[in-house]
Amino acid sequence: MAVVDPLIELRDVNKYYGQLHVLRDINLSVGRGEVVVVIGPSGSGKSTLCRTVNRLETIESGTITIDGEPLPAEGKGLARLRSEVGMVFQSFNLFAHRTVLDNISLAPLKVRGRRREEAESRSRELLDRVGLASQADKYPAQLSGGQQQRVAIARALAMDPKVMLFDEPTSALDPEMINEVLEVMQQLARDGMTMVVVTHEMGFARSAANRVVFMSDGRIVEDRTPEDFFTHPESDRAKDFLSKILKH
């Protein structure tokens, strides 16, 4: 879809793992403040696509720009880029030996050079925002999976990123914890955060996304509003996918 003010742009992006062509001629723009949900069957390239945006995966050809600047190859430029692109994974990747507050404050202290009081005060605000104000002094192992994932979201937000990438953030969680994480993400969407979300949660895709990008076999097959996609999928591949997941 045409985007007026793109914050992220992928043009003719190709990615291989050996002989396997995992991203095929991907063209995608994400506008400022837009929530784009990427869905599709396993092995369709969704997570790889997400991970190319902050260069956790390199690409063989094509271009990726963020806020008008091409992705830097490595070094300081890449570190700066990564501080502007928040990432939340399936696994929470929190530091087990540090408190929740320390986990969130660490990057602003080290990377942004903030003063400790300032970093901790901001971290407490973010904990409040994700509904965990009372958990600041606990260690990750003392929290549930849903709470740990909300800490991971707060940690990504502590860098004041321009965009947040979520790679199946709820897939490792027990069912009763999924909603507490999705609610935080819904609120971020309402607050105008630019988000790219790879997920199996169709309810979230329907309610929070501006656009749904459906991938299959390394290609973007459909890129439409949730309403259009869920009610009138155009491709047989999407119809087949939806018929399987919407029956449950």
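For the structure itself, consult the block above.
Residues numbered from 1 in each chain as written. Predicted model: local features only at pLDDT ≥ 70, side-chain atom pairs only at ≥ 80, totals over all residues. Heavy atoms only, no water.

Trainee: Help me out: how do you make sense of the layout of surface pockets in this one?
Mentor: Where empty space is left in the structure can be found by rolling a water-sized probe over the atoms. Approximately 450 Å³ is the volume found for the largest pocket. In terms of lining residues, the largest pocket is bounded by 17 residues, among which Arg 82, Met 87, Ala 107, Arg 155 and Ala 156 are the most central. Broken down by secondary-structure element, the contributors of at least two residues to the lining of the largest pocket are helix H2 (76-84), strand S6 (85-88), helix H3 (100-110) and helix H5 (145-157). Split by residue class, the lining of the largest pocket holds ten nonpolar, five polar and two charged. Of the voids in this model, the second largest pocket is the one considered here, and its volume is about 160 Å³. Lining of the second largest pocket is provided by Ile 66, Asp 67, Glu 69, Pro 70, Leu 71, Pro 72, Gly 77, Arg 80, Leu 81, Glu 84 and Lys 162. Those elements that provide at least two residues to the lining of the second largest pocket are strand S5 (69-70) and H2. Take the lining of the second largest pocket: its biggest share by element is four residues, from H2. (1 Å grid on protein atoms, 1.4 Å probe; cavity = no way out; pocket = protein on both sides within 12 Å on 5 of 7 lines; lining within 4 Å. Points joined across faces, edges and corners; volume = space filled by probe spheres on them. Helix = DSSP H or I, 4+ residues; strand = E, 2+ residues; numbered from the N terminus. Nonpolar A, V, L, I, M, F, W, Y, C, P; charged D, E, K, R; others polar.)

Trainee: Hey, could you run me through H2 in this one?
Mentor: Because the α-helix completes a turn every 3.6 residues, residues three or four places apart line up on one side. Burial in H2 covers these residues: Gly 77, Leu 78, Leu 81 and Ser 83. For H2, the secondary structure elements touched by its buried residues are strand S4 (61-66) and S6. (Buried < 20%, exposed > 50% of the residue type's maximum accessible area, 1.4 Å probe, protein only. Contact = heavy atoms within 4.5 Å.)

Trainee: Explain empty space enclosed by the protein here, please?
Mentor: This structure, assessed with the given rule, holds one cavity of 30 Å³ or more. What the largest cavity holds in volume is close to 30 Å³. Looking at the lining of the largest cavity, the elements that each hand over two or more residues are strand S1 (6-17), strand S2 (20-31) and helix H1 (46-52). Here the residues of the lining of the largest cavity are counted per class, giving eight nonpolar, no polar and no charged.

Trainee: What is the right way to read the packing of aromatic side chains from this model?
Mentor: Given two aromatic rings, their pairing is described by the distance between the two centres and the angle made by the two planes. The full count for this structure, using the stated rule, is three aromatic pairs. Aromatic pair Phe 229 and Phe 230: ring centres 5.3 Å apart, planes at 80°, arrangement edge-to-face. Overall, the relative accessible area of 0% leaves Phe 229 in the buried class. Here a set of aromatic residues connected by ring pairs shows up, and it is made of Phe 214, Phe 229, Phe 230 and Phe 241. (Phe/Tyr/Trp six-rings, centres within 6.5 Å; stacked < 30°, edge-to-face > 60°.)

Trainee: Got a minute to help me understand the packing of H3 against helix H4 (residues 116-129) in this structure?
Mentor: Helix-helix packing: each pair is described by the crossing angle between the helix axes and the interaxial distance. Packing of H3 against H4 leaves a shortest axis separation of 9 Å and a crossing angle of 125°. By the angle between their directions, the pair H3 and H4 is classed as oblique. The chirality of how H3 crosses H4 is right-handed. Contact residues: H3 offers Val 100, Leu 101, Asp 102, Ile 104, Ser 105, Pro 108 and Leu 109, while H4 offers Arg 116, Ala 119, Glu 120, Ser 123, Arg 124, Leu 126 and Leu 127. In terms of residue class, the contact of H3 with H4 is made up of eight nonpolar, two polar and four charged. (Axes fitted to C-alpha atoms, helices over the stretch in contact; angles between N-to-C directions. Parallel < 35°, antiparallel > 145°, perpendicular 65-115°, else oblique. Left-handed = near helix turned anticlockwise from the far one by under 90°.)

Trainee: I tried to follow the pattern of salt bridges on my own but got confused; where do I start?
Mentor: If charged atoms from side chains of opposite charge come close, those side chains can pair. Inspection of the entire model under this criterion finds 18 salt bridges. Each of Arg 32, Asp 67, Glu 84 and Lys 162 takes part in a single network of salt bridges with overlapping partners. (Salt bridge = Lys/Arg side-chain N within 4 Å of Asp/Glu carboxyl O.)

Trainee: Would you take a moment to explain helix H6 (residues 175-190) for this structure?
Mentor: With 16 residues, H6 should cover 22 Å at 1.5 Å per step; its first-to-last C-alpha distance of 23 Å lies within 8% of that length. In this fold, the buried residues of H6 make contact with strand S3 (35-39), H4, H5, strand S7 (163-167), strand S8 (194-198) and helix H7 (202-208). Backbone geometry just after H6 places Gly 192 at a positive phi near 90°. (Expected span 1.5 Å × (residues − 1).)

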